[in-house]
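Single-letter residue listing:
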Amino acid sequence: MTKHTDEGTIPHDSTSTSRRRLLQATAAAGGVVALSDLGLAQEQEPETIELGGETSGWQGVSPDDIADEENPTLDLEEGTTYEVVWENLDGQPHNFVVESEDGEELERTELMSEEGETQSLEFEATSEMAEYYCEPHAGTMRGEISVGDGGDAAEEESDEEGESFFEAGTEIGVQTLAEGMTAPTDFGVADEDEERYFVCDQTGELWVVEDGERQDEPFLDVSDRMVELGTFEGDYADPDSEYDERGLLGVEFHPEFADNGRFFVHYSAPPNDETPDGWSHVEVVSEFQADEELSQADPESEQILMEFQKPQYNHDAGPMAFGPDGYLYVPMGDGGGANDDMEGHVEDWYDDNDGGNGQDVSENLLGGIHRIDVDEEGDDDRPYGIPDDNPLVDEEDALDEYYAWGFRNPFGISFDSEERLFVSDAGQDLFEEANLVEAGGNYGWNVKEGTHCFSTESPSDPPEDCPDSAPEEAPYNGQELQDPIVEYPHVYDGEMVGITIIGGHVYEAGEIEDLDGKYVFGDWTADPSREEPIGRLLAASESDDGDEAEEEDEEAANETDDGDEEEIVPRDELWDMEELQVAGSEDGSFPYFVRQFGQDLDGNVYVLGNRMGVPEGDTGVVMEIVPPDEGEELEPPEGVETDPEEQDPDEEATEDTQDEPIDEDENATDDNATDENATDDNATDENLTDDNATDGNLTDDNATDGNLTD
C-alpha cells in the first residue's frame, strides 16, 4: 500500500499559511535528542547534525542520540549555531526547510536530486523554529524542532494521544476462512449451491477454499505468465525496492459459470512486442475455461481480452466486477508514478498541471473504468463487444470502452443490491477517496485529489482554486468533476490516519444489525513506514442530516489545534465514516495489512490480509466479518504494537504507494501500497497505491507509492 516519487522542482514560496501547515502535517517520530552543551560558548565551531534523506523519511546519523531514528526530533539551544549536513540516499529531489509553528519559512536549501550527493545548511537556532521537512515529500520527511528548555515538554507533547479522525464505530468479529497464502488480492464466488470460494494470491495462484480448507493445488496458476515480482524493468525502476503492486490482481466469474465454465483474471505480464522502450510491463485481462466438472481450470484455454501497456510498475488497479447488466467492468490505474505526469502520461485539457492519463479518454485506457461485453465479439478484431450505451460510443476522438474516468488507481470495485457501483481510488500525498460511479462520470484526477485541488508542482501544498468542470468541447462536454462519498486525510491531529484506501462492499448479510447497509472498506496500514501491519477496517453510510449531535461532532473534528474551524474534508457533503472495532484484538484494531475485500452470495463481507508489506511469506488470510461474539482472538505479530498511536510514524515509501497495498506511491505503499497504498501510494498507496506506499494500495501512491496503493 504507497510513499511518493515526485519529479520536477518546487517553487520557492516565502509566504506559508496555516492551511499549508495543516495539510502537510505529520506525526513527529523518534526520540528527543540533546545536540548542544549549555556550557559551550557561541564562538565555538557549529554543532553538527548529520542526516540521510530519502522519500520514506529523514534518517538520523549523528550525533549518536539520533542514530537510526527516522524523522528525529532535533533539540536545539537558542543562540547556538548548527550545521545540518545531509546525504541524498535515493536520488529523488529533496531539500531541507526549517519552519516556524505558524508555517513561516525560516531556512531553506535548493533541491538536490543526485544520489550520494551531500548538502549543508548553517544557521543559528531561534525560538521560532518548530519543524523541518523536505518540500517535495513533506508528508513523509518531516520532524519536530525543540529549542531551549522545551525538550521535556516536546517529549510529553509527542506522547499525548491525538484526536482520531474516525469515530469508533460498530463492533464486529472476524473468523478465519482460509490461511497460508502470500498476499491475497481478490475473492470470488462462482457456485450458488455449494460453499466454494476462490482466492487470488498475488504470486499467481487462484486457490479454491471449500469446507473451510484451502485445497493443496491451485485452481489456476499464472505465475509463469507474470512478471517476476520484486524485479523491475523500465527507466523508472527501483532495483532496491522489494515492494510490488503487480501480480495476480483479480478474478471474476461469468454470471453463467455453472453452465459455461468461463471466468476472467487480471494479472501483470512482462513487456511484449507492443511495449514502448523503457516501459515497465503489461496489465492483462484474460478469459479462461474450467473443465466439465468445474473442478480445475484449463491453463491452455487462455484468450487475452485486453492489454494495458504500463510505463511504471504501480497503479495497476485490481479486482473487476460483473454488473447487473451482465457486462464486465474493468478498472485500470493511470500508468503509475507520482502526479500522473511522468513517462507514458499524455497531455490533457488542464494546462495548470502536467499530464495526464486520468483526464484523457482519447489516447489510452489508463485512469478509467471500462465496460465491455464478453459475450459478443467486437469490431476491429476486438475479442469483446462494446455496449451501445457506453457514454463515449458516439463521440469522436474517444475510446468506446470508457464507462467513467478521472481515476488515479481504482483499487476496489463492487455493486450492491441497489445496483450502485462503488469504486475506491488511492490518493497521493494527502487524501484517500471512494466514489459512487455513474456512466460518463469524471472523478477528477489529476485536477483534484478527492475534493481538494491538486498541483503537480507542489503536491503537498495544493492551490485553493481549480476547475469544477471539464471543457465544453467534445468529448468532455462541460461535465462536472464528481466528488467522492468518502474522503479522509493521511494525517490528522498528529496521527497517521492511513496510507491507501482499499475498496470494499456493502454489508447485506443481516447478521450484524448496526453494519447492515453500510459500505465496508479499509486502509492498508496506519504505519507510515509501511512495515508494520496496522490495517484499518472502516465503514460509511449515507448521512442523516437531522442528527444535530452528529453535526456538532463533525464540526469539532474539523477544528484546527488553535481552535479555529478549518475543514480537513467537507464532512457535511460526505457519507458518515466510522472505524469498525474488532472484538478479540487488544484494542479493537486489525493487526494485518488490509489487502482487499470480498463478498459471498448472502451478502457477507470478507477481509483479505497478510502481515508482510511485500509479496513474501505465507501469512495471507481470508477472514469473514461476523458478529462480535462469534469472532476469534487476534494476536499481534511478534514485536509489533497494534495501536497506531503507539507507533513511530516513519512515514510512507518511495515512488507513489497508494497505490495498493498499495502510492504504495504510496500514498503505499506509493503507493498508498499495497503505497500501497499502500501504498505511490498514499501508497503504499501491496497492491497499493504508490500513492500511499513506496508509492505504494497499497497507496503506489500511498505505498512504496500507492495501491496500495500512491
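Computed from a predicted model, the values in this text were never measured in an experiment. (Residues numbered from 1 in each chain as written. Predicted model: local features only at pLDDT ≥ 70, side-chain atom pairs only at ≥ 80, totals over all residues. Heavy atoms only, no water.)

Enquirer: I tried to follow the environment of Asn95 on my own but got confused; where do I start?
Expert: Along the chain, Asn95 turns up in the loop between β5 (81-88) and β6 (97-100). Residue class for Asn95 comes out buried when judged on its relative accessible area of 0%. Separated by 46 residues in the primary sequence, Asn95 and Met141 place their C-alpha atoms 9.9 Å from one another. Leave out the neighbours within four places in its chain, and Asn95 touches Trp58, Trp86, Arg108, Thr109, Glu110, Leu111, Tyr133, Cys134, Glu135 and Pro136. There is a polar contact of 3.1 Å between the side chain of Asn95 and the backbone oxygen of Thr109. Within the structure, Asn95 has its side chain in polar contact with the side chain of Glu135 (distance 2.8 Å). (Helix = DSSP H or I, 4+ residues; strand = E, 2+ residues; numbered from the N terminus. Buried < 20%, exposed > 50% of the residue type's maximum accessible area, 1.4 Å probe, protein only. Contact = heavy atoms within 4.5 Å. Polar contact = N/O pair within 3.5 Å; in protein donor to acceptor, adjacent residues only side chain to side chain.)

Enquirer: Just to check I follow, could you spell out the packing of aromatic side chains for this structure?
Expert: The geometry of an aromatic ring pair comes down to the distance between the two centres and the angle between the two planes. Under the defined criterion, the tally for this structure stands at 33 aromatic pairs. Between the aromatic rings of Tyr197 and Tyr606, the centroid separation amounts to 5.8 Å while the plane-to-plane angle is 50 degrees, which identifies the pairing as tilted. Here the residue Tyr197 occupies a position in strand β13 (residues 196-201), and Tyr606 occupies one in strand β38 (residues 605-610), the gap between them amounting to 409 residues. Judged on exposure class, the residue Tyr197 and its partner Tyr606 are both buried. Ring plane angle 45 degrees and centroid distance 4.4 Å describe the contact between Phe198 and Phe253, whose orientation is recorded as tilted. Remark: Phe253 occurs in strand β17 (residues 248-253) and Phe198 occurs in strand β13; sequence separation between them is 55 residues. (Phe/Tyr/Trp six-rings, centres within 6.5 Å; stacked < 30°, edge-to-face > 60°.)

Enquirer: Can you walk me through the sheet that holds strand β3 (residues 57-62) in this structure?
Expert: Within a sheet, neighbouring strands are paired by backbone hydrogen bonds and run either parallel or antiparallel to one another. Here four strands make up an open sheet; going across it, the order is β3-β2-β5-β8 and the pairing mixed. On the outer flanks of this sheet lie β3 and β8 (118-124), each paired with one strand and no other. Averaged over all adjacent pairs, the angle separating strand axes in this sheet is 25 degrees, with direction ignored. As paired elements, strand β2 (residues 47-54) and β3 share five bridges and run antiparallel to each other. In the strand pairing of β3, Glu54 is matched with Gly57. (Pairing = 2+ DSSP bridges. Axes fitted to C-alpha atoms, helices over the stretch in contact; angles between N-to-C directions.)

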